[in-house]
Amino acid sequence: MAGVFFLLLSSARAVAVTWTDYLWFERMDLTDVWWGTIASRAALATTAGLFVFVLCFVNLVIADRLAPAFAPRIPDDELFEWYRDLLDRHRILVRGGVSGLLALVFGGAAATEWKSWILFRNGGSFGIRDPLFGIDVSFYVFDLPFYQSVVTWLFSALFTVLVVSSVAHFLNGGIRLQASFQRITPQVKAHLSVLAGLLALVRAGDYWLDRFSLVNSRRGTVEGATYTDVNAQLPALNLLMAIALASAVLFVLNIWRRGWVLPVLTVGLWSFVGFVAGVAYPSFVQRFRVEPAESSREAPYIARNIVATRQALGLNVMEVRRFDFDPEVKPDDIRENAETIRNIRLLDPNVVRDTFQRLQAERGFYQFRDLDIDRYLLPDGEGGRTPTQAVVAARELNPSGIPRQTWEATRLAFTHGHGIVLAPGNSLTDDGRPRFLLRDVPVKAAPEAEGLRIERPQIYFGEGLGGYAVVRTKRPEVDYIDDAERTVTTEYEGRGGVPVGGGIGGWFRRLAFALRFGEIEPLISNLIEPRSQVIFRRDIEERLKAAAPFLHFDSDPYPVIDGDGNIVWVVDGYTTSTHYPYAQTADVSQLEPRSDLRHQFNYVRNSVKAVVDAYDGTVSLYVVPVPTGVNGEPGTDPIVDAWRDAFPALFKDFDDMDPELRAHLRYPEDLFRVQTAMWARYHIDEAAAFYEQAGAWAVAQDPGASVRGDASPPQVTDPATGRVVAAPERRIDPQYLLMQLPGESGAEFVLLRSFVPISERDERKELTAFTVARGDPDVYGQLVTFEMPGTQVDGPAIVQANISNDDRVAREITLLDQQGSRVLFGNLQLIPLGETILYIRPMYVQAEGSTAVPELRKVIAVFGERVAMGDTLRDALAGVFRDAAVVEAVDEVLGTTPSPPSEGEGRRPGSTEAAPTEPGATPPTAERPGESDDRAVLVRALELLREADAALDGGDLGGYQRKIDEARKLLEEAASPSG
C-alpha cells in the first residue's frame, strides 16, 4: 500500500512539475521552445519506437509462422511449459508486450538525440572545407553526429531483435539445442541469416561513417587525421567496409546452403582482418614508420591542425604586433598614456568583497555574491565625463539571513534584493575604502554619479538565488528598512511570476505548486490571492538554461544599469562542438570549476549575449556577430544560426540591443581563459617549430595574494613514475583594465593576460608576450598579442619576488602583518606605457575581527628592477620613475602636486593632495627638533610608537599607521646628513 501511495505521489509530482513548467514558459513567451523541444523528442521517440515495435512484432510473427507443427517438449521444465501455454492462449498479447517494451526502451534512447536532430534539420554551411575529404565543415558538425547516432541505434535495435527472435524460435521449437541432428530448421536458419545480413549492412555503414571520424582522431602528435590515419587506418576501414558488405551477401547466400560453415568462416575472417588491418597494421605503421621520422611525416597534418584549431577556437582573428621593449620611460610616454595612468585600478574586487558586504549590505538579509568590473561615464574633474573603471555589485537577497525563517517570511515578505553599489576603481576615500557613488538602501547617488539613475532598484532575480517567492499577496513585501527602523513595503508590478488565478483552475495551480516545491503552504495559505504570482527559477543561470538548454553560459554574470534605469544581468552564451575537423580539443583546465565551458569541445563561439531583467526576469538572447578575420570583420556562427532557425522567436538581432547596454558589453572571461591557454601553443604557425615546441609559451604564473609567498609549492604524484613532483603553478587570472594599447590613440576596456616561455618545471618566468581582448563597441572581439623579442622583461612571478625581497616593502609588511592585522595584496597589474612596461599592485591592511574591512594602505609600483611603495599612486610612480621630468609629467596627468617628504596618512589613495589632519591626531612635524637634542627625538619617537600600539589594540588601523609614519619621519630626519 505504501509503495502504491509513493508511486501515485511521484507521478502526481511529475505531472505538477511538467504543468507548472509549461505555465512558466507560457508566462515568459517561450512556448515555442517548450513545444519545439517536446515535439522533437516526441517525434524521435514515436518514430523510433514505432519502427522497433513493427520490426520486433513482424519478426515474432515470422518466428511463430516458422515454428514446427509439433514442437518438442522439454522434460521437467515447468517455466518452459508455462510460457508455451501462455503463448498458445495470448499469442498477440505476448508479441505486443515484448514489442512495446522494446519500443519504449529504444524510443526513449532516440529521444535523447533531440539536439543532434534539430541541428541536422537546420544546419547550414560553414563555407570551409576539410583538407582530407574536401567536404564542408557543416557535414561534420551537423550531419555526421546524427548519422552516427542513427547507425549505432539501428545496430543495437537489430541485434536486440535478432536475440529476441532467436529466443522465440527456441521457445517455438525451431531451435533445438538437445537434438543430435538439425538443431536449427532451414526456415529458422533463413530468418536469422537475413537479420544477420542486415546487421552486416548496418556495420558497413558504420565503417563508412568511421572514415569521416578520422578527422577527429587522437592517434598522432595532434588531433585530426595524421599520417597513420590517412595511410593505414583509412584503407583498413575501406577494406572492412567491403568485407562487411560481402558478409551481408554471404549471410543471404547461406539460406540455400546447409550448415553454418560459411557464416562462421565469414565472421572469423572479418574478425581477423579487423584486428590485423584495423588495429595491428596501423599500430605497426605508427611505431615503425611514423615515430622514427615523426616531425617530417606529421608536418602536413600538423599544419592542418594549426589552421583548423585557430579557426575553431576563434584564434584566427588574432593580430600579432611586435613590442620592442624600451627600458626607459620618457615624459611623453606618460602624457600620451594619460588615460591609462588615470585609470590604474586600486580597488581589487577580490579583496574588497568583504568591504562591500560590511559597509553596504545594510541588513543580514542582503548580500553581495560577486563584484564585477565595468566602465561608466564619470566626471573627469574638468567639467566633462570620461569612461572610468568601476567596481559594481548587486545587493541581492540572502534567504539565510532573513530574521525569522518562517514560510511567510521567506516566501511572501522578503522576496528581493535592493539596488546596485558602484565605486570607481581608481579613487578611494581618505581611509583607503571604496568611494561609493551609488550606495545605501534606498539607493542614493553621489553628486559625481549624476546621470546614473535606477528606476527600479528591486532585484527579484540574481546569482545563486534558489527557491521561490509568492508576490502580490495579502502580505506586503518588505522593500527595505529605513534609518528609523521603519519597514517600507512594496508590491510587485512585473510579470516574472506565474499567476495563481481563481476558481477551480486556481486551486489546481496551487496544488501543482505545492507538489512541485514539496510544501503544503501554497495550497492552504489564506494570504495567497487569485492575483498572486509564483516566482521561481530565480537564479539567472537556471533561468537561461531552461530558456535555451542547448547553449552554455559564462560563469560570471554581471549587473548593468541600462538606458531606462533598469538593473539587468548580462551573461555570455556559447555554442560548442566536438566535431570540428582537425581542431584540437580545448584546454579547459584553467577554467573555474563552476564554469559551464568546463567540458570537452574543439569549437566555441561567444555568439549570444543574454540579458535577464533583474525585476521581471525577462530573458532576451541577442545574436552577436562573431569576428572572423584579423581585422575583426563580423561573421556568423552557423551553430547559433541553426538554433535560431529552429526557435526564431527566442533570439533577437544584435542591432535591437539598447545602445546604452551595448556600451557595457565585455569580452567573456571564460572564453578568454580557453583561448589564451591554447594560444600559448598555437601562436606558432610553422609545423616544424610547432612540433619542437621550443618557442611555445605558457600563461604566466599567478603571483598570488600571500604577502610571504607559499611555504612550499604544491606537490602531486607523477602517474608514470609514481614519484612525488612539484605540481604546475597556478596561472594568472585575466584582468579587465581600462588602458591605451600600444599604437592606439585612446583608452579602451580590455581583458589582458600575459605569457612566459614554456618550461618543464615552470622555472621560466620572464615576460614574453601579453594578449588583450578588446571590449569597446567599435573594436569588440578583436584579439591582439604583443610579442617581445628576447626575455629582458620580468614576468608577474619575478615582479612579485622583487616586491617581496624589497627591504622597504618587507619592513612595512613586518609592521602591518602581525597579530591584530594582516596584509593583503591586490591584483598585480601589467600596464603598458608606449613601449615600456609598468607593474602596479595595491596593498591592503585588514584588522582582525568580524567588523574589520580591508583598507588600501600602500601602492607598490615596479619598473624594471626598481620597486617603490607610496601612500598614493603618485608617490609610488614618483618613487619608481625618479626622473624629475617624468615625475612632473605624472603630476600633470594626475592633476597632483608633489608630496611633502612625510609619508603620513590623511591623503586619498590615488592622489597626492594633502587632507586635513583628523581631530585629536598629532600633527605632522614640520621641522626636526633642536639639532642638539637627539634624545628629545628618541623620546618623542618612543611615545609615538606607544601611541601606535594603543591605536592598534583599539582596532584603529588608520591611527596606528599615522603614528608609525610620524615616528619613522622623526628618526629619518635625525639620521639624515643635514641633521
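Residues numbered from 1 in each chain as written. Predicted model: local features only at pLDDT ≥ 70, side-chain atom pairs only at ≥ 80, totals over all residues. Heavy atoms only, no water.

Asker: Honestly, the overall build of the chain in this entry has me stumped. Any pointers?
Answerer: Helix and strand counts for the chain come out as 27 helices and 37 strands. The long-range share in the chain, meaning contacts at least 24 apart out of those at least 6 apart in sequence, stands at 69%. Surface exposure of the chain reaches about 42,700 Å², of which carbon and sulfur atoms provide 56%. (Helix = DSSP H or I, 4+ residues; strand = E, 2+ residues; numbered from the N terminus. Contact = heavy atoms within 4.5 Å. Areas by Shrake-Rupley, 256 points an atom, 1.4 Å probe, with all protein chains shown as cover.)

Asker: Explain the packing of aromatic side chains to me, please; I cannot follow it from the model alone.
Answerer: How two aromatic rings sit relative to each other is set out by the distance from centre to centre and by the angle between their planes. Tallied over the entire structure, the rule returns 47 aromatic pairs. With centroids separated by 5.9 Å and ring planes inclined at 50°, the aromatic side chains of F51 and W153 adopt a geometry described as tilted. Within this pair, whereas F51 is found in helix α2 (residues 31-65), its partner W153 is found in helix α6 (residues 137-172), the two being separated by 102 residues in sequence. Residue classification places W153 among the buried positions, given a relative accessible area of 16%. One aromatic cluster in this structure is built from W117, F120, F133, F139, Y140, F146, Y147, W208 and F212. Above the face of the F212 ring, R211 is positioned so that its terminal group lies 5.2 Å from the ring centre. Across the ring face of W24, the terminal group of R537 is positioned such that the distance to the ring centre comes to 4.6 Å. (Phe/Tyr/Trp six-rings, centres within 6.5 Å; stacked < 30°, edge-to-face > 60°. Buried < 20%, exposed > 50% of the residue type's maximum accessible area, 1.4 Å probe, protein only. Lys NZ or Arg CZ within 6 Å of the ring centre and 35° of its normal.)

Asker: Just to check I follow, could you spell out the nonpolar core for this structure?
Answerer: Y376, F550, L621, L650 and F651 are the most contacted members of the largest nonpolar core, which has 142 residues in total. In terms of residue count, the dominant contributor to this core is α6 (14 residues). If we ignore the near neighbours within four places in the chain, the residues touching F651 are F550, L551, V608, L621, V623, V640, W643 and R644. Counting residues in hydrophobic clusters, the runner-up holds 74 residues, among them F368, M869, L873 and V893. (Core = buried A, V, L, I, M, F, W, Y, C linked by side-chain atoms within 4.5 Å.)

Asker: Looking at this structure, I do not really get the pattern of salt bridges. What am I missing?
Answerer: Pairing between side chains of opposite charge can happen when the charged atoms of each approach one another. Per the counting criterion, the structure on display carries 50 salt bridges. Across the salt bridge formed by R353 and D354, the nearest N and O atoms sit 3.9 Å from each other. A relative accessible area of 29% means that D354 is categorised as partly exposed. Where E592 meets R673, a salt bridge forms, and the shortest distance between an N and an O atom there is 3.7 Å. Here the residue E592 occupies a position in the loop between β18 (567-577) and β19 (603-613), and R673 occupies one in helix α20 (residues 669-682), the gap between them amounting to 81 residues. Judged by its relative accessible area of 28%, E592 is partly exposed. Connected through shared salt-bridge partners, E592, E669, R673, D702, R730 and D733 make up one network. (Salt bridge = Lys/Arg side-chain N within 4 Å of Asp/Glu carboxyl O.)

Asker: Before we go on, may I ask you to explain helix α24 (residues 873-881) in this structure?
Answerer: In terms of burial, α24 is a largely internal element, 8 of the 9 residues being buried. Within two residues after α24, R882 carries a phi angle of roughly 70°, on the positive side.

Asker: What is the right way to read the confidence of the model for the chain from this model?
Answerer: Any segment with low pLDDT has predicted coordinates that should not be analysed in fine detail. Here the chain shows a mean pLDDT of 86. Residues at 70 or above account for 86%. For the stretch residues 901-932, pLDDT sits under 50, and the model shows 72 contacts to residues farther than four places along the chain or on other chains. (pLDDT = per-residue confidence, 0-100.)

Asker: Help me understand the side chain of K858 in this model?
Answerer: Position of K858 relative to the elements: it lies in strand β36 (residues 855-863). Judged by its relative accessible area of 0%, K858 is buried. Among the polar contacts listed, one links the side chain of K858 to the side chain of D871, at a separation of 2.4 Å. (Polar contact = N/O pair within 3.5 Å; in protein donor to acceptor, adjacent residues only side chain to side chain.)

Asker: So what exactly am I meant to see when it comes to the pairing of strand β7 (residues 420-424) here?
Answerer: Of all 5 residues making up β7, 5 are buried, and the element is well covered by its neighbours. Pairing of strand β4 (residues 385-394) with β7 involves 5 bridges; the strand directions are antiparallel. Following the sheet pairing, A390 is matched in β7 by P424. (Pairing = 2+ DSSP bridges.)

Asker: Quick question: what am I supposed to make of the side chain of N566 here?
Answerer: Summarising the element assignment, N566 is placed in the loop between β17 (558-561) and β18. N566 gets classed as buried once you look at its relative accessible area, which sits at 18%. Not counting residues up to four positions away in its chain, the partners in contact with N566 are E455, R456, V560, I561 and D613.

Asker: Just to check I follow, could you spell out the packing of helix α4 (residues 91-111) against α6 for this structure?
Answerer: Pairs of packed helices are described in terms of their axes, by the angle between the two and the distance that separates them. With their axes 11 Å apart at the nearest point, α4 and α6 run at an angle of 160° to one another. Compared by their axis directions, α4 and α6 come out roughly antiparallel. The way α4 lies across α6 gives a crossing that is right-handed. Mapping the contact onto sequence places R91, V98, L102, F106, A109 and A110 in α4 and W153, S156, A157, T160, V164 and N172 in α6. Here the contact of α4 with α6 is composed, by residue class, of 8 nonpolar, 3 polar and 1 charged. (Axes fitted to C-alpha atoms, helices over the stretch in contact; angles between N-to-C directions. Parallel < 35°, antiparallel > 145°, perpendicular 65-115°, else oblique. Left-handed = near helix turned anticlockwise from the far one by under 90°. Nonpolar A, V, L, I, M, F, W, Y, C, P; charged D, E, K, R; others polar.)

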